[in-house]
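# An overview of the molecular structure
Now for the letters of each chain:
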Amino acid sequence: MNNLGTLYGIGVGPGGEELLTLKAIKVIENCEIIIAPSAMGGGNSIAYETAKNFIKPHQKVIISHFPMGKPDKEEKVYEAFKTIEEYLQQGKNVGFLTIGDPFIYSTYIYLLKYIREQNYPTETVPGITSFCASASLAGEILVIGDEPLLIVPGSQIERVKDEKYIVVMKFYNQEEKVLNFLDKEGFNYFAVKRAYREGQEIFHTREEILNNKDYMTLIIAHRNEEI
Ligand SMILES: C[S@@+](CC[C@H](N)C(=O)[O-])C[C@H]1O[C@@H](n2cnc3c(N)ncnc32)[C@H](O)[C@@H]1O
């Protein structure tokens, strides 16, 4: 197969266009096709909203709906792969946008499995992660010295053992369980909602976090801090 296009996985950062990298903008400009995932139906994609001012009218934009955690997600990823494959075979470059970084809890990772099986050229462009952005926004450290940092989804909160520095992501509808664990284990914490996007907020109390109910929120938690 000659003159194949390349699939670019492009991290667009947490949401504000100022946090897109120059590399991400350059690669977006070099793609004939832009695919942006949407977690909800109805065509609303945060990744697309973040990057839209850098996408030109001649570029084709496809918003793909990937229902989070639903049984038909695998099928949707395969469908997206087949669409991308067609363009790659026509020699067109495809940019797959992801919020934050493409290698942190992203649909792009599932897609890459199919792309690599068929040996299509790929390149991944890193993005500023939501937890790095959230720490900077709040002016709080993530980790220090020789300590490990554990990134944990809400569903796996019990896997925290003796770590002092953790980030909890993806805990929508599990807020109470997560906060009960953090309180019991002696963590101090705060939550950041929609960092660097419209609706951005920082919550310091348990009540505020419980009332928030927004998927695009994460918690940074510390205990027995060094400084
Ligand atoms: C599917 S993961 C995507 C992570 C992304 N790839 C990254 O590198 O940050 C979605 C989770 O990321 C977190 N998240 C994403 N964007 C965020 C933002 N702007 N502010 C706070 N949390 C965010 C939330 O915990 C959300 O449940």
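Analysis parameters
Residues numbered from 1 in each chain as written. Predicted model: local features only at pLDDT ≥ 70, side-chain atom pairs only at ≥ 80, totals over all residues. Helix = DSSP H or I, 4+ residues; strand = E, 2+ residues; numbered from the N terminus. Rg over C-alpha atoms; globule rule 2.2 N^0.38 Å. Buried ≥ 20, exposed ≤ 12 C-beta atoms within 10 Å, placed from the backbone. Near = placed C-beta within 6 Å. Domains from an automatic or database assignment. Contact = placed C-beta atoms within 7 Å. Core = buried A, V, L, I, M, F, W, Y, C linked by C-beta atoms within 7 Å.

Before going further, it helps to examine the overall build of the chain. Broken down by element type, the chain carries seven helices and 10 strands. Radius of gyration (C-alpha) of the chain: 19 Å, near the 17 Å computed for a compact globule of 227 residues. Counting only C-alpha atoms, the chain reaches 60 × 40 × 35 Å along its principal axes. Buried positions account for 37% of the 227 residues belonging to the chain.

Within the structure, the ligand sits among 22 residues, and Gly-100, Ile-104, Ser-130, Met-169 and Ala-195 are positioned closest to it. Mapped by element, the contributors of at least two residues to the shell around the ligand are helix H5 (130-138) and strand E10 (217-222).

The next point concerns the domain arrangement of the chain. Assigned domains of the chain: these are domain 1 (7-125) and domain 2 (130-222). On a C-alpha basis, the centres of domain 1 and domain 2 stand 27 Å from each other. Contacts between domain 1 and domain 2 engage seven residues on the former and eight residues on the latter.

Time to look at the nonpolar core. Residues Val-94, Phe-96, Leu-97 and Val-168 are the most contacted members of the largest nonpolar core, which totals 57 residues. Each of two domains, domain 1 (7-125) and domain 2 (130-222), supplies a minimum of three residues to this core. Apart from residues no more than four positions distant in its own chain, Val-94 is found in contact with Gly-5, Leu-7, Tyr-8, Cys-31, Ile-33, Ile-35, Ile-84, Tyr-87 and Leu-88.

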